[in-house]
Amino acid sequence: MTRFPSTLAALLTLCATVTAERQAEHVTRGLVAVRAEGERVFAGWRLLASDPPGVGFNLYRVTESGERELVNDSPLLGPTSTWDANAGDAVGYEVSAVYAGAEEPRSATAPLWEHDYLEIPIDPIDGYRPGDASVGDLDGDGQFEIVLHQTSRGRDNGSAGVTGEPVLDAYRLDGTRLWRINLGKNIREGQHYTQFMVYDLDGDGRAEVACKTADGTTDGQGKVIGDPDKDWRTLEEGSQRNGRILDGPEYFTIFDGQTGAALATADFVPDRDPIDGWGGIGGNAGNDSYGNRCDRFLAGVAYLDGERPSVVMSRGVYGRTAITAWDWRDGKLSIRWKFDTGPSRPPYRDASPYAGMGGHGLSVGDIDADGRDEIVYQAMVVDDNGEGLYSTGLRHGDAMYLTDIDPERPGQEVFTIQENEEHAERFQTPAIAMRDAQSGELLWQFSPTVDAPTGMAADIDPRFRGLEMWGGPGGLRDVHGEEIGAAPRNSRWCVWWDGDPQRELFSPGRGAFRGRPGSQQAGQATRRPPRNWRWPATTRVTKWDWENKRDEVIYECDGIATEPGPALQGDLLGDWREELLLVSPDRQSLRLYTTTIPTEYRLSTLLQDPQYRLGLVWQNVVYNKPPQPSFFLADKLEPAPQPAE
């Protein structure tokens, strides 16, 4: 085979430049090869958005002796995954694209996995357990590394008590630890406190890590931020303030992804004061003066100018909502804009219409198709310029999904689940609702005053076009809100695992919890499982049987979820299907699980859809949710291409 001619390489580069106005990551083929049984190996790799129509692929096995053997007889034109039925003594694989008789250089050799997961050793800490994770190319080698949050004695904001000190570790996929950052005793541990963003913020090809810090935070090189001797914790046994940090400075820090060194630190904006100024009509429409509502944090990364990413850090969900957009440019940290509804107190008649509209998660996407991202903050949206775009008045909720739910309508939609607790019932807020993402127009809503703890939007029934939704009263609903039958009991995680366009459901095994499900140790997100729910003994991926209205197990493993879901889920390797990052049963390692189920479809890697990629960035925020693309996936799947002339 000849190499790709220079004119073709230039054409592919031009295509990538023209179609990607945003600063983009370098995305490799992401080849993965798994020994399934005997001499059979399943291999998958990425189709890139810059690949020309009709591109094929050659797969090579690498033997113990170093020989490279072509697996396929002719270029593979179908899905970007295949079987090698005669793997023999293969130790790795390589793949290359083929177009018009020319072959691109082969990718680096991908080692052969002996299981359907990659074992990634970690450095455990006594009294800690692995928590949420994120990925980014920390060292600029074109491969993802993992940033892992190790947790100890985490607390929900509504619960008093002293926690452990949050720790962030960085690991290569071979288990090499790059650095360890200890956020220190002045950062409280818990889902609502520690949001960490991993992304290439300045375009140098290496991801940074950004998060809230405080006096005593120790970076990856051992340097302490602020005053190492200060202890700002409130230590009052029996008090609602016990264990909380309600005094002292708060910082925002950008860390070097390769070394863990603190590159820049600024005062966190806004500060917590007044502590009793964060109540509002969200949640139970209450207030407090002990540090519950003032310390609810969310975060994300967004392309607010359409070209370069900014970090978005927020404070407040139930009442006052304050969001700050930060730029990391040329070694300098600056504020792009600030959005703040301002404080309000009962009965909140003077509150901003944007106050009390937050949830325990957010989403980022270009919902008005202007090339710049908006911040979808549960029941309201902040425009790319930091101004409020609209507020629905639907108030607070625990779950939200932004994607093209109804492909027959232009643009995207938002499905939300709302809380109605105590004093909040007077607002007659619907338990579930779907709206137009750009305008905020409510398309349908159901069950006013009902408190819906969780819900899901996923395409699980091919008989109905678009995504199905469930949560709160009623069963499975179509894009028009019409009930179409019984709904799955699992309403927390979905994953593209088998070979069809529908998503499957993920259920963590009982090993995910130190205490019983719903206990403090299991975390706030698992406190209210659906009625009659039983956590399975093993971690499972299930397929919704729409004819018999039941879950069918299609995959089981002994990997442990970190709480209600995986440490991370996304299209991290291989073809367009998703991987699951779980914890080993002995908690001494992470395990990256991949599917070996064949598919008939090809699709460009989901990593190159900006909304999906940024969904991976904010996935570790509070009540973690799976990433959603900006498009309806079933409409994007391609048939096998015809060979190029």
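Quick caveat: nothing in here was measured; it's all calculated off a predicted structure. (Residues numbered from 1 in each chain as written. Predicted model: local features only at pLDDT ≥ 70, side-chain atom pairs only at ≥ 80, totals over all residues. Heavy atoms only, no water.)

> Account for the domain arrangement of the protein, with residues named and values stated.
By convention, interface size is frequently given as the accessible area that disappears when the constituent parts associate. According to the domain assignment, the protein contains domain 1 (32-111) and domain 2 (117-268). Placing a centre on the C-alpha atoms of domain 1 and another on those of domain 2 gives a separation of 38 Å. (Domains from an automatic or database assignment.)

> Provide a residue-level description of the sheet that holds strand β12 (residues 145-151), including the pertinent values.
Spatial ordering of the open sheet is given by β11-β12-β13-β14, a layout of four strands whose pairing is antiparallel. Of all the strands in the sheet, just β11 (129-136) and β14 (177-182) have a single pairing partner and so form its edges. Taking each pair of neighbouring strands and ignoring which way they run, the sheet shows an average axis angle of 20 degrees. Sheet analysis places β12 next to strand β13 (residues 167-171), joined by five bridges and oriented antiparallel. (Pairing = 2+ DSSP bridges. Helix = DSSP H or I, 4+ residues; strand = E, 2+ residues; numbered from the N terminus. Axes fitted to C-alpha atoms, helices over the stretch in contact; angles between N-to-C directions.)

> Tell me about the UniProt feature "domain: Rhamnogalacturonan I lyase beta-sheet" (unreviewed entry) in the protein, and please be specific about residues and values.
In this structure's numbering, the residues bearing the UniProt feature "domain: Rhamnogalacturonan I lyase beta-sheet" (unreviewed entry) are residues 22-113. Each end of residues 22-113 is marked by a C-alpha atom, and these two atoms are 34 Å apart; helix forms 0% of the span and strand 46%. (UniProt positions renumbered as here; feature names shortened; annotations may be inferred.)

> So what about the sheet that holds strand β22 (residues 332-340)? Which residues, and what values?
Taking strand neighbours across the sheet as the criterion, the four strands line up as β19-β20-β21-β22 in an open arrangement whose pairing is antiparallel. Looking at the sheet topology across the chains shown, the edges are occupied by β19 (297-302) and β22. Adjacent strand axes in the sheet meet at a mean angle of 20 degrees, parallel and antiparallel pairs treated alike. Strand direction decides the pairing type here: strand β21 (residues 322-329) and β22, joined by eight bridges, are antiparallel. Within β22, the position partnered with D327 by the bridge is S334.

> Give a description of the side chain of D478 that names residues and reports values.
For D478, the position within the fold is in the loop between β33 (476-477) and β34 (483-485). Put simply, D478 is tucked away with no salt bridge, and the nearest opposite charge, on R477, sits 7.6 Å away. Apart from the residues within four sequence positions on either side, D478 is in contact with W444, L467, M469 and I484. (Buried < 20%, exposed > 50% of the residue type's maximum accessible area, 1.4 Å probe, protein only. Lys, Arg positive; Asp, Glu negative; His and termini not counted. Salt bridge = Lys/Arg side-chain N within 4 Å of Asp/Glu carboxyl O. Contact = heavy atoms within 4.5 Å.)

> Tell me about the environment of W328, and please be specific about residues and values.
Along the chain, W328 falls in strand β21. C-alpha of W328 to C-alpha of A264: the two residues are 64 residues apart in sequence and 9.0 Å apart in space. For W328, the contacting residues outside a window of four places in its chain are L201, D202, E208, I254, L263, A264 and L333. In terms of polar contacts, W328 uses its side chain to reach the side chain of D202, at 3.3 Å. (Polar contact = N/O pair within 3.5 Å; in protein donor to acceptor, adjacent residues only side chain to side chain.)

> Give a detailed account of the confidence of the model for the protein, specifying residues and quantitative values.
When pLDDT is averaged across the protein, the result is 91; 92% of the residues are at 70 or more. Long-range and interchain partners of residues 1-20, a stretch whose pLDDT sits below 50, account for 23 contacts in this model, where long-range means more than four residues apart. Below a pLDDT of 50 lies the segment residues 513-528, which in the model reaches 41 contacts outside its immediate sequence neighbourhood of four places, other chains included. (pLDDT = per-residue confidence, 0-100.)

> Outline the pairing of β21, listing residues and values.
Side-chain positions along a regular strand alternate between the two faces of the sheet. Among the eight residues of β21, eight are classified as buried, and the element is accordingly described as predominantly covered. Side chains A322, T324, W326 and W328 of β21 all project onto a buried face; the interleaved residues I323, A325, D327 and R329 project onto the opposite face, where all are buried too. Pairing geometry for strand β20 (residues 310-315) and β21, over five bridges, is antiparallel. What sits directly across from V312, in β21, is A325. Between β20 and β21, which pair antiparallel in sequence order, lie six residues; one of them, G316, sits at a positive phi of approximately 100 degrees. Taking the residues between adjacent antiparallel strands as the criterion, β21 and β22 are bridged by two residues, where D330 takes a positive phi near 50 degrees.

> Give a description of a negative patch on the surface that names residues and reports values.
A cluster of like negative charges, contributed by E39, E64, E67 and D89, occupies part of the molecular surface. Within the fold, E39 resides in the loop between β2 (32-37) and β3 (40-44). (Patch = residues over 30% accessible without salt bridge, like charges linked within 9 Å, V, L, I, M, F, W, Y side chains within 5 Å. Areas by Shrake-Rupley, 256 points an atom, 1.4 Å probe, with all protein chains shown as cover. Charge placed at Lys NZ, Arg CZ, Asp CG, Glu CD.)

> Which residues make up unusual backbone geometry, and what values do they have?
Look at the link from V269 to P270: it is a cis peptide, with omega at 0 degrees. Structurally, P270 is set in the loop between β18 (262-267) and β19. That bond from D273 to P274 is cis: its omega, -5 degrees, falls within 30 degrees of zero. Along the polypeptide, P274 turns up in the loop between β18 and β19. With a phi close to 60 degrees, A285 is a non-glycine residue in the positive phi region. In this structure, A285 sits in the loop between β18 and β19. Overall, A285 belongs to the buried group, its relative accessible area being 9%. For A369, which is not glycine, the phi torsion reads 55 degrees and is therefore positive. Along the polypeptide, A369 turns up in the loop between β23 (363-365) and β24 (374-377).

> Hey, could you go over the environment of I125 for me, with residue numbers and the actual values?
Tracing the backbone shows I125 in the loop between β10 (117-121) and β11. Sequence spacing of I125 and G66 is 59 residues, and the spatial spacing of their C-alpha atoms is 39 Å. With residues near it in sequence (within four places) discarded, I125 still touches Q150, V167 and R180.

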